[in-house]
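Structural description and commentary
Now for the letters of each chain:
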Amino acid sequence: MSLWDSLMAGLSLVANIEAFAALFVGIVIGVIGGAIPGLSATMAVALALPFTFAMQPVTGILLLLGVYKGGIFGGSIPAILIKTPGTPASSATILDGHPMAERGEAGRALGMALWASCTADLVSNLALILFAGWLASFALNFGPPEFFALILFSLTIIAGVSGESLLRGALSALLGLLLATVGLDLVYGTNRFTFGDPNLMGGLNFIAVLIGLFAIPEVIMMARNPTAHLGRTRALGGAKVTFADYRKSFRSIIRGSMIGVFLGSIPGIGAAPSAFLSYSEARRRSPNKANFGKGEIEGVAAAEAGNNGVAGATLIPLLALGVPGDVITAIIIGAFMIHGLQPGPMMFVLNVDIIYGLFIGLIVSSVFLFIVGSVAIRGFRFVADIPKRILMPTVLVLCVYGVFAVNNNVFDVGVMFAMGWVGYVMLRARIPPAPFLIAFILGPLLEDSFRQSMLMSGSDPSILLRGPITWFFWALTVLVVIAIGRSVVRKVPV
Amino acid sequence: MTLRTLQVRLGIAALLIAAFLALVAIPSFVSSPSNVRNIVLSPVFWPYVLTGMTALVGVLLVLTGRHETAELEDEDAAAPGAPLRLVALAGIMVAVMLLLPWLGMPLVTMLAFAATAFLYRTRHPVAAAICAVLVPLVLYAFFAHVAGVAVPQGEVIRLP
Amino acid sequence: MKVLSTLTVGLALTAGAALAEYPERPINMIIPYGAGGATDISARTIAEALGEAVGRPLIMANVTGAGGATGSVAAMNANPDGYTMLFTRVGSHSVNPAMKATLPYTLDDFRYVTVYEINPFACAVAANSDIKTMDDLMEKAKGEGVSYSSSGVGSALHLGGAMVLDAFGLEDAANAATHIPQQGGGAAATAVLNGTADFLCTNTSALAGFVANGQMTPLMVTTAEPVVGFDAPTAAELGHPELEQLVGWTGIAGPKDLPDEVAAKWGEWMTQAATDEKFVNQMESLGSIIDVMSPEEAREFINTQYETFRTLVDELGMRIEG
């Protein structure tokens, strides 16, 4: 069947009001779900799943994809407005988005988040459609040694988000790495720092740590000085994103989208590291580096491009190999199977109409996301006008509900509170929280892939340099470390 | 406080953490089976590596910190009565954890909202009181009925 | 504040009013594994059919962590009033208890009301592997050695790999073969696809897609009957009927002191739910065998599997002490 025939077959599947309506509804659900901290894109997709069982396969899957894409964007709304990432992927958006909101430019930050998200979404979808087969076979070359090299390289992001002192950033990262060791050991299944508590055996819940680290310190700072915010402009103002802003950040957006596509097509990494990597790349190349972390609009653009760039690309291993890249695609694969579809190379032969139907739907989804997102921004902007001493208790209550909902565990609420005080102490001691978070995400991946490599080779370290992919990332890591070293010596910002 | 004091204090804190981990925490709270084939595979290997790096960063912080001279300005100065309010906020958090099984999440969060708003000495007490009731209720309704989450209900009241 | 107190009193009154017949309010169902996994899909599928039989909503709650231990402990400590029930799974309620000395619960801490689904297990290798049959696999295992992936220590995939190698005559199977644990079942299959590990043994539903797509070659299935879509001999045909114990299953349990009436109710509901055509079709399309057991049968079934695994774990020295 020629490409044209496939396209037409796909079009005939999706060219009905039902499919597009499902996609639209999905995006609406996703944006709302993503905007509620703790509910997160993952939960929203899981909640929508049972409703898709009764639908046509393409309609149902488009609904779920809509929820996914909407959720990843939606997470940036609370990240910017109340410093609480709605979904882990939007933690990097906080770094510059929240300072912008504090300065009274919430509308501009949100607008940029939306524009960057939609652009990245489009790039990601195009990459999926054009390069799925090629990227998928590339991703299959990623065994534990390649993973180890990639994660090691990703840890250099820490230098970019450390702020004024690299050493304090490193300390922060080490604390994150140490905290991530809590739980059961991967290889032997033995307890590490669990103190016999079954709640600790699963490790500390990532979202509880994340919200504790970013949102709760704000609540605590408010108690320290309840009137500090008075006199500072905080109202939304008329500031809107302009085309000039977009053009200025365009390179970072495209670069972030590419990073997202690349990391998304490799199973097991996810959107949060991609957002941070995109952010630190944008910062490294920007002429006004010093302004990053203090409300630089390009930072928001890069972070959002990085996480939305992942959304389409995670479908590459899913459709081409039948391998879910993260939790969300694992749920979506369940939807395929319920409908008797088995994603993988054969699907491109047997169900090519469904594949192209999904492709067409995905392209449209970027447009829908733009529409829904614009409305959502208008709807949520009023948050910036709520008196802060009412807003903060609301944030506290919202966080309690949200963190509980992630894993239905009251213990996680306690973890969030405890991490809130850790975050407060770090804030007072000028230790940046972002390296902590990145290390907390990447630490287990680094350790696991290292030990898996050692198991594969019978503890022979040479496996860590077994092929061109590993060489590439090792070389990149060395280069970046040298660059960091040089800027430390010259005392210029990293 | 000067940057010098800060760096030196952080360095000492890092060294103390590392010492605690190496001498107490890792030996007693990380169990390693006897049949580990190679040291790099042992469950204690990675924690020890991290401990070593923490100690290194601690030493570097102390060393570089001694040459720092910059004065740190406190961007967010504490208002009078800050320590008391911080202790009270910690108390609210502990109370939430303790009362949750008994009162249930909606009621506990209502009380927490009211207490926190009061702690902040809000300028809008009436609005705060209304929000204290409404926000937890709306969130309950959303999480329990739209999102289908098993929100913990207490023994005192049980919302529909 | 007056509004608040009136509201509180009003609600308290309605709450204390009636203690009618079970169930008078929604039932919390704990799923001890994450969204999208085999347990989760199975649980959410039966919840639809069950909901009609129960007549009250079933609230699904994923409590993930530590190979199902976190959720299981939450259910163990819940009020035994029948309003908190647990989805039990081969990993959390037979392999893990058999392998982990320090597990914070035992099988006796639960009252099993049913096992409703059996998942056949299959062992598979990547399609481009030079291993094509179990004989090839064993030859390599005894020669240069093989590795197998799993979804983690103490999972059915972990024990299954060792069990199969042991049954086919590999000496000291737990140490002679390399176990490469991954984070979750999806990652375990990927590890075989990209050559990190040589083979894996897992439920057929997790492999069906890869087998149908020609990315993996099945070597063996553990059920007595061949599995549709899996062109591989059964364990019995290869002379190892004892491997038929190696199957996945999903069931429902409550805390230990669950009243008899409640358990009996669940027995009725399960019988009713199992006749739901949509449920049966959906589960069977995923490769499961629907077989609703009574509370007694379930207890018996779980114990037998546990004892088998326990013996094997002791023989192979796979017990996790720390």
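Since we're looking at a predicted model, the values are computed, not measured.

**So, the overall build of chain A**
When helices and strands are counted, chain A shows 24 helices and 2 strands. Computed over its C-alpha atoms, the radius of gyration of chain A comes to 22 Å, within 12% of the 23 Å expected for a compact globule of 494 residues. Taken along the three principal axes of its C-alpha coordinates, chain A extends 65 × 60 × 50 Å. In chain A, the proportion of contacts linking residues at least 24 apart, taken out of those at least 6 apart, comes to 79%.

**Things to note about the overall build of chain C**
Of the regular secondary structure elements, chain C holds 12 helices and 11 strands. Taking the principal axes of the C-alpha coordinates as reference, chain C spans close to 80 × 45 × 40 Å. Out of the 322 residues in chain C, the part that is buried amounts to 58%. The long-range share in chain C, meaning contacts at least 24 apart out of those at least 6 apart in sequence, stands at 76%.

**What to know about the domain arrangement of chain C**
Residue and element names in this part refer to chain C. Assigned domains within chain C: domain 1 (26-119 + 247-316) and domain 2 (121-245). One C-alpha centre belongs to domain 1, the other to domain 2, and the line joining them spans 25 Å. Counting residues at the interface gives 20 residues for domain 1, matched by 21 residues for domain 2. Within the residue set of the side of domain 1 that touches domain 2, elements represented by two or more residues are helix 4 (90-99) and helix 12 (295-316). Tallied by class, residues from the side of domain 1 that touches domain 2 come to 9 nonpolar, 10 polar and 1 charged.

**Re the interface of chain B and chain A**
Contact residues are listed per partner, giving 58 residues for chain B and 51 residues for chain A. Counting residues per element, the side of chain B that touches chain A draws most heavily on helix 2 (residues 45-65) of chain B, which supplies 9 residues.

**A word on the sheet that holds strand 3 (residues 84-89) of chain C**
All names here are of chain C. Pairing is mixed in the open sheet, where 6 strands are placed in the order 2-1-3-10-4-11. Across the chains shown, the open sheet's two edge strands, defined by having one partner strand only, are strand 2 (58-62) and strand 11 (289-290). Summarising the sheet, strand 4 (residues 110-119) and strand 10 (residues 248-255) pair through 8 bridges and their orientation is antiparallel. Residue pairing for strand 10: Thr114 is matched across the bridge by Ile252. Sheet strands in contact with helix 12 are strand 4 and strand 10, and its direction is about 75° off that of strand 4.

**What about the packing of helix 2 (residues 17-35) of chain A against helix 20 (residues 352-380) of chain A?**
All names here are of chain A. Packing of helix 2 against helix 20 leaves a shortest axis separation of 9 Å and a crossing angle of 45°. Between helix 2 and helix 20, the interaxial angle falls into the category oblique. Of the two possible hands of crossing, helix 2 and helix 20 adopt the one that is right-handed. Counted together, Ala19, Phe20, Leu23, Phe24, Ile27, Val28, Val31 and Ala35 of helix 2 and Gly361, Val364, Ser365, Phe368, Leu369, Val372, Gly373, Ala376 and Phe380 of helix 20 form the full contact between these two elements.

**Observations concerning the nonpolar core**
Counting 353 residues, the largest nonpolar core has Val45, Leu64 and Ile438 of chain A together with Met29, Ala122, Ala124 and Val192 of chain C as its most contacted members. Residues in contact with Ala122 of chain C, not counting those within four places in the same chain, are Cys201, Thr204, Leu207, Pro218, Met220, Val221, Val227, Phe230 and Ala232 of chain C.

**Notes on the pairing of strand 4 of chain C**
One face of the sheet, then the other: side chains in a regular strand alternate in exactly this way. Residue and element names in this part refer to chain C. Burial runs high along strand 4: 9 of the 10 residues are buried. Taken together, the 2 bridges between strand 4 and strand 11 define a ladder with antiparallel strand orientation. If you follow Glu117 over to strand 11, its bridge partner there is Ile290.

**Focus on the environment of Ala170 of chain A**
Here Ala170 of chain A is to be found in helix 10 (residues 166-179). Spatially, the C-alpha atoms of Ala170 of chain A and Ala439 of chain A are 9.6 Å apart, while their sequence positions differ by 269 residues.

**Regarding helix 14 (residues 243-265) of chain A**
Under the 1.5 Å per step criterion, the end-to-end length of helix 14 of chain A is 30 Å for 23 residues, consistent within 8% with the ideal 33 Å. Taking the largest bend as the criterion, helix 14 of chain A deviates by roughly 55°, centred on Ser249 of chain A.

**A few points about the pairing of strand 1 (residues 27-31) of chain C**
Residue and element names in this part refer to chain C. With 5 of 5 residues buried, strand 1 lies mostly within the body of the structure. Pairing analysis gives 5 bridges linking strand 1 to strand 2, with the strands arranged parallel. In the sheet register, Asn28 faces strand 2, and the bridge partner there is Ile59. Where strand 1 and strand 3 come together, 3 bridges link them in parallel fashion.

**Re the environment of Gly160 of chain A**
By the secondary structure assignment, Gly160 of chain A is in helix 9 (residues 157-160). Taking the C-alpha atoms as reference points, Gly160 of chain A and Ala282 of chain A, separated by 122 residues in sequence, lie 9.6 Å from one another.

**Notes on the packing of helix 2 of chain A against helix 3 (residues 40-52) of chain A**
Residue and element names in this part refer to chain A. Between helix 2 and helix 3, the least distance of the axes is 8 Å, while the angle of their chain directions is 135°. The angle between helix 2 and helix 3 places the two elements in the oblique class. Taken as a pair, helix 2 and helix 3 cross one another with a handedness that is right-handed. Where helix 2 abuts helix 3, its residues Gly26, Ile29, Gly30, Gly33 and Gly34 lie against Ser40, Ala41, Met43, Ala44 and Ala48. Residues that form the contact of helix 2 with helix 3 fall into these classes: 5 nonpolar, 5 polar and no charged.

**Points about the confidence of the model for chain C**
Residues and elements named next belong to chain C. Averaged over every residue, the pLDDT of chain C is 86; the share at 70 or more is 93%. Per-residue pLDDT stays below 50 along residues 1-19; that stretch engages in 12 contacts with residues further than four places along the chain or on separate chains. Prediction confidence for the complex, expressed as pTM and ipTM, is 0.86 and 0.93 respectively.

**As for unusual backbone geometry**
Look at Arg121 of chain B: it is not a glycine, yet its phi comes out positive at around 50°. Within the element layout of this structure, Arg121 of chain B appears in the loop between helix 4 (105-119) and helix 5 (125-146). By C-beta crowding, Arg121 of chain B is classed as partly exposed, having 13 other C-beta atoms within 10 Å. Located in the positive-phi region is Asp172 of chain C, a residue other than glycine, with phi close to 50°. Relative to the helices and strands, Asp172 of chain C is located in the loop between helix 6 (156-167) and helix 7 (173-176).

**Points about the environment of Tyr188 of chain A**
Locating Tyr188 of chain A in the fold gives a position in the loop between strand 1 (183-184) and strand 2 (191-192). Judged by C-beta crowding, with 22 C-beta atoms within 10 Å, Tyr188 of chain A ranks as buried. For the pair Tyr188 of chain A and Leu362 of chain A, spaced 174 residues apart in sequence, the C-alpha separation works out to 43 Å. Residues contacting Tyr188 of chain A, with those up to four places away along its chain left out, are Pro33 and Pro43 of chain B together with Val153 and Ile320 of chain C.

**As for the confidence of the model for chain A**
Confidence in the prediction for chain A averages 86 pLDDT; 96% of positions are at 70 or higher. Within chain A, the element-level pLDDT minimum falls on helix 1 (residues 3-14) of chain A, averaging 72, and the maximum on helix 22 (residues 410-428) of chain A, averaging 93.

Rules behind the numbers
Residues numbered from 1 in each chain as written. Chains lettered and ligands numbered in written order. Predicted model: local features only at pLDDT ≥ 70, side-chain atom pairs only at ≥ 80, totals over all residues. Helix = DSSP H or I, 4+ residues; strand = E, 2+ residues; numbered from the N terminus. Rg over C-alpha atoms; globule rule 2.2 N^0.38 Å. Contact = placed C-beta atoms within 7 Å. Buried ≥ 20, exposed ≤ 12 C-beta atoms within 10 Å, placed from the backbone. Domains from an automatic or database assignment. Nonpolar A, V, L, I, M, F, W, Y, C, P; charged D, E, K, R; others polar. Pairing = 2+ DSSP bridges. Axes fitted to C-alpha atoms, helices over the stretch in contact; angles between N-to-C directions. Parallel < 35°, antiparallel > 145°, perpendicular 65-115°, else oblique. Left-handed = near helix turned anticlockwise from the far one by under 90°. Core = buried A, V, L, I, M, F, W, Y, C linked by C-beta atoms within 7 Å. Expected span 1.5 Å × (residues − 1). Bend = angle between axes of the 7 residues up to and from the residue. pLDDT = per-residue confidence, 0-100.

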